[in-house]
Amino acid sequence: MNRKKRVPLKEQGKHFFIFPAIIWLLVFTIFPLLYTLYLSFHGSRFLRVTKFVGLENYIYVLSDYRFWNAFRVTITFVVLSVLLTVGLGLLLALLFNRQMKGVQFFRTICTTPLFTAPVALGYMFMIILYEEGGPVNNFLHALGANAIPWLSHPRWALVSVLIADVWQWTPFAFLVLLAALQAAPRDLYEAASLDSASGWEIFRHITLPLISPTLGTVIILRTVEAFKVFDLPFALTNGGPGLATRTLTFNVYTSGLRDQNLGVATATAVILLLMVLAVSQIFFRRYGSNYD
Amino acid sequence: MRKKRRWTNIILWIAVIVAVVWMLFPFYWAVITSIKKPADVFRLSFIPFVQFEPTSENWRSELQMRGQEIKRGLKNSLIIGVCSALVALFIGALAGYGLARYKYHRVKNRDITMWILSQRFLPPAAVVIPFFLIFKTLGLIDSVVGLVLINATFGIPFAVLVTRDAFRDLPEEIEESALVDGCSRFQVFSRIALPLAAPALVAAGIICFAFAWNEFLFAFIMSYSKAVPMTVLIAGTQDTQGIQFWYVATRMLMAVVPPTILALTVQRYIVQGLTFGAVKG
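Residues numbered from 1 in each chain as written. Chains lettered and ligands numbered in written order. Predicted model: local features only at pLDDT ≥ 70, side-chain atom pairs only at ≥ 80, totals over all residues. Heavy atoms only, no water.

**Q** Account for the overall build of chain A, with residues named and values stated.
**A** Within chain A, the secondary structure is distributed over 13 helices and two strands. Over its C-alpha atoms chain A spans a radius of gyration of 24 Å, topping by over 25% the 19 Å that the globule rule assigns to 292 residues. Dimensions of chain A, computed from C-alpha atoms along their principal axes, come out at roughly 85 × 70 × 30 Å. Each of the 292 residues in chain A was classed as buried or not, and the buried ones make up 55%. Contacts in chain A between residues at least 24 apart in sequence constitute 67% of all its contacts with a sequence separation of at least 6. Measuring between centres, the 23 positive side-chain charges of chain A sit 11 Å from its 14 negative side-chain charges. (Helix = DSSP H or I, 4+ residues; strand = E, 2+ residues; numbered from the N terminus. Rg over C-alpha atoms; globule rule 2.2 N^0.38 Å. Buried < 20%, exposed > 50% of the residue type's maximum accessible area, 1.4 Å probe, protein only. Contact = heavy atoms within 4.5 Å. Lys, Arg positive; Asp, Glu negative; His and termini not counted. Charge placed at Lys NZ, Arg CZ, Asp CG, Glu CD.)

**Q** Please give an account of the pairing of strand β1 (residues 42-45) of chain A that cites residues and values.
**A** Note that β1 of chain A and strand β2 (residues 48-52) of chain A share three bridges and pair antiparallel. Bridged to His42 of chain A within β2 of chain A is Phe52 of chain A. (Pairing = 2+ DSSP bridges.)

**Q** Lay out the packing of aromatic side chains in plain terms, naming residues and giving numbers.
**A** Summed over all chains, the structure comprises 49 aromatic pairs over all chains. Ring geometry for Trp68 of chain A against Phe71 of chain A: centres 5.3 Å apart, planes inclined by 70°, an arrangement best described as edge-to-face. A residue pair is termed a helical-turn pair when its members lie 3 or 4 positions apart in one helix, as Trp68 of chain A and Phe71 of chain A do in helix α4 (residues 65-96) at three residues. Classification of Trp68 of chain A as partly exposed rests on a relative accessible area of 40%. Members of the aromatic cluster, joined through ring pairs, are Phe16 and Phe17 of chain A together with Tyr97, Tyr102, Tyr104, Phe167, Phe186 and Phe189 of chain B. Here Lys36 of chain B stacks its cationic end above the ring of Phe52 of chain B, 5.0 Å away from the centre of that ring. The ring of Tyr102 of chain B has Arg185 of chain B lying over it, and the distance from NZ or CZ to the ring centre is 5.0 Å. (Phe/Tyr/Trp six-rings, centres within 6.5 Å; stacked < 30°, edge-to-face > 60°. Lys NZ or Arg CZ within 6 Å of the ring centre and 35° of its normal.)

**Q** Tell me about the domain arrangement of chain B, and please be specific about residues and values.
**A** All names here are of chain B. Its domain assignment divides chain B into domain 1 (2-55) and domain 2 (60-274). Opposite the nine residues of domain 1 that make contact, domain 2 presents seven residues. Overall, the association of domain 1 and domain 2 removes approximately 660 Å² of surface from exposure, summing both partners, and the carbon and sulfur fraction of that is 91%. Between domain 1 and domain 2 we count zero salt bridges in total. For the pair domain 1 and domain 2, the number of links is zero residue pairs in polar contact (both at pLDDT 80 or more). No other element matches the five residues that helix α1 (residues 2-34) contributes to the side of domain 1 that touches domain 2. Taken together, the residues of the side of domain 1 that touches domain 2 break down into six nonpolar, two polar and one charged. (Domains from an automatic or database assignment. Buried area = accessible area lost by both parts, 1.4 Å probe. Salt bridge = Lys/Arg side-chain N within 4 Å of Asp/Glu carboxyl O. Polar contact = N/O pair within 3.5 Å; in protein donor to acceptor, adjacent residues only side chain to side chain. Nonpolar A, V, L, I, M, F, W, Y, C, P; charged D, E, K, R; others polar.)

**Q** Got a sec to walk through helix α13 (residues 245-264) of chain B? Specific residues and values, please.
**A** With 20 residues, α13 of chain B should reach 28 Å at 1.5 Å per residue; the first-to-last C-alpha distance of 28 Å fits that figure. For α13 of chain B, the tally of buried residues reaches 15 of 20 residues, placing the bulk of the element in the interior. (Expected span 1.5 Å × (residues − 1).)

**Q** Give me the lowdown on the pattern of salt bridges, citing residues and values where you can.
**A** Inspection of the entire model under this criterion finds nine salt bridges over all chains. Through salt bridges with shared partners, a single network forms among Arg101, Glu175 and Arg185 of chain B.

**Q** With reference to specific residues and values, describe a nonpolar patch on the surface.
**A** Among the surface-exposed residues, Val79, Leu80, Leu83, Leu84, Leu88 and Leu91 of chain A lie close enough to one another that they form a single nonpolar patch of about 530 Å² accessible area. Summarising the element assignment, Leu88 of chain A is placed in helix α4. (Patch = residues over 30% accessible without salt bridge, like charges linked within 9 Å, V, L, I, M, F, W, Y side chains within 5 Å. Areas by Shrake-Rupley, 256 points an atom, 1.4 Å probe, with all protein chains shown as cover.)

**Q** With reference to specific residues and values, describe the interface of chain A and chain B.
**A** The partner chain B presents 103 residues to the 96 residues of chain A that form the contact. Ranking the residues of chain A by area buried against chain B places Phe17, Phe115 and Tyr291 of chain A at the top, with a combined share of 10%. For the interface between chain A and chain B, the tally reads zero salt bridges. Linking chain A with chain B are 13 residue pairs in polar contact (both at pLDDT 80 or more). Sort the elements by how many residues they give to the side of chain A that touches chain B and helix α2 (residues 14-40) of chain A lands first, with 20 residues.

**Q** Hey, could you go over the packing of helix α4 (residues 67-101) of chain B against helix α9 (residues 185-196) of chain B for me, with residue numbers and the actual values?
**A** Residues and elements named next belong to chain B. One way to put it is that α4 packs onto α9 with a least axis distance of 12 Å and a crossing angle of 100°. Classified by the angle between their axes, α4 and α9 sit roughly perpendicular to one another. Seen from α4, the contacting residues are Ala93, Leu94, Tyr97 and Arg101; seen from α9, they are Arg185, Phe186, Val188, Phe189, Ala193 and Leu194. Considered class by class, the residues forming the contact of α4 with α9 number eight nonpolar, no polar and two charged. (Axes fitted to C-alpha atoms, helices over the stretch in contact; angles between N-to-C directions. Parallel < 35°, antiparallel > 145°, perpendicular 65-115°, else oblique.)

**Q** Before we move on, could you go through the confidence of the model for chain A and cite the residues and values that matter?
**A** If pLDDT is low for a region, its predicted coordinates should not be looked at in detail. Considering every residue of chain A, the mean pLDDT works out to 87; 96% of them sit at 70 or more. The low-confidence segment residues 1-7 of chain A, where pLDDT is below 50, has one contact with residues more than four positions distant or belonging to other chains. (pLDDT = per-residue confidence, 0-100.)

**Q** Which residues make up the environment of Leu140 of chain B, and what values do they have?
**A** Residues and elements named next belong to chain B. In this structure, Leu140 sits in the loop between α6 (125-138) and α7 (144-168). For the pair Leu140 and Gly81, spaced 59 residues apart in sequence, the C-alpha separation works out to 17 Å. With residues near it in sequence (within four places) discarded, Leu140 still touches Phe135, Val145, Gly146 and Leu149.

Here's what the structure looks like:
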């Protein structure tokens, strides 16, 4: 008898808990997103909306070489950054997945890059990669090699941005993958090494399947994060030389707030958003169950 | 066999040394740049006292000439970081508790979680223009309040996911018996669940704080004088007479040190935190 009465007690106030978050996110993300969509179909003058222009902004953006340049830069950056950070991180994780003195200390050091502000990181690497008198080029000079135009050559500038990004995010892949490896059951490995399987075979048939959900999660989180890049090239190369390191987010900033063309900026933002949504769709399909 | 093991050990230690040097070098270089005389900055020298004469002149003149600005920058970063972390944590913990303890019917728990998580995936560039326009209308440009609101928004999905997992790990029995004893759900939440989940909550709060402290895009667009935080302050160093690396280094270090030191205290939660709970560290 009593019991039946208490079930509603347990259910009491359930909306009270969840509503603040939902309302907050509706106001502060869904509403601005819809506003972005609205702006992308309208013209503007001096940061004021003028009239409905249909797809004009999109047509303008898609026929603008600066958009396609930023598109190329962003995609190149995302692909290389994800490959390098996850690849190196996995390599390090495999290397350190053993009983060893100092692993804890090593992990401690690994967390520091993760919490360095990307803008600060940009300036850090600017000092290091500075072409005339920076330590790297001075070092190369001492070895008798030629100086590398780290920041003034379009290709090298993108490499520099990538180096800084790899510095920051490899530890992320490393720490997460190491956690996944250490959670893997030991006896599987022991059985395999008794069967005298080679290192590669163990990796291919035991390790990889075990960590593949985590690997997938890491890859997608890194991809989504890499699509957002702005601070780092802003600080390190200011998008240059020319347009060489201008990412899509950089374009949203320059067209919207420097040139004050809201329609073009928001149309670019919508296209970027669609790209990220496509990636995160894969994520939620395949790895959503990790969050149950 | 033994010989092989020795070789792997050697390779391992080389890898450790290379990785440690690689990770610490930028910090080290920033530190020694900040204590070099301008004339020494462009020379290849690593060891203070041996290769070059260190000086505190850069720090002193930086703090003297731009002390006010830096103090304000640190204060703004601190306010933005702390307040946005608290807001995100408060709203996030409520939702996290709800998702951990109740079953929602009209929309399933899983769909709510996914929806909240998906907010974290949005590129900030997708909302930066509307935020700018709305804040301009509301008079929130160059206001710390505006930046707190924005950073709290970015922190909420993270806080929800992490606190949900923390509450889930708590035994439900204590809370149930408290309910039977006549406590309201909110009392159970605030007096029993919150204190028990405190370590995870503090960790989530610190990570939110670090995100907010490091945020740049919005801070750069929404602040120009009285609300300028450290990240924007370091970005402004270029304008004066070329780039004076020795000053850049001092300011950069002041911006980098607080969040990194804080993050060291919550290492245990970092893996779980940065994957939004998908991987338990």
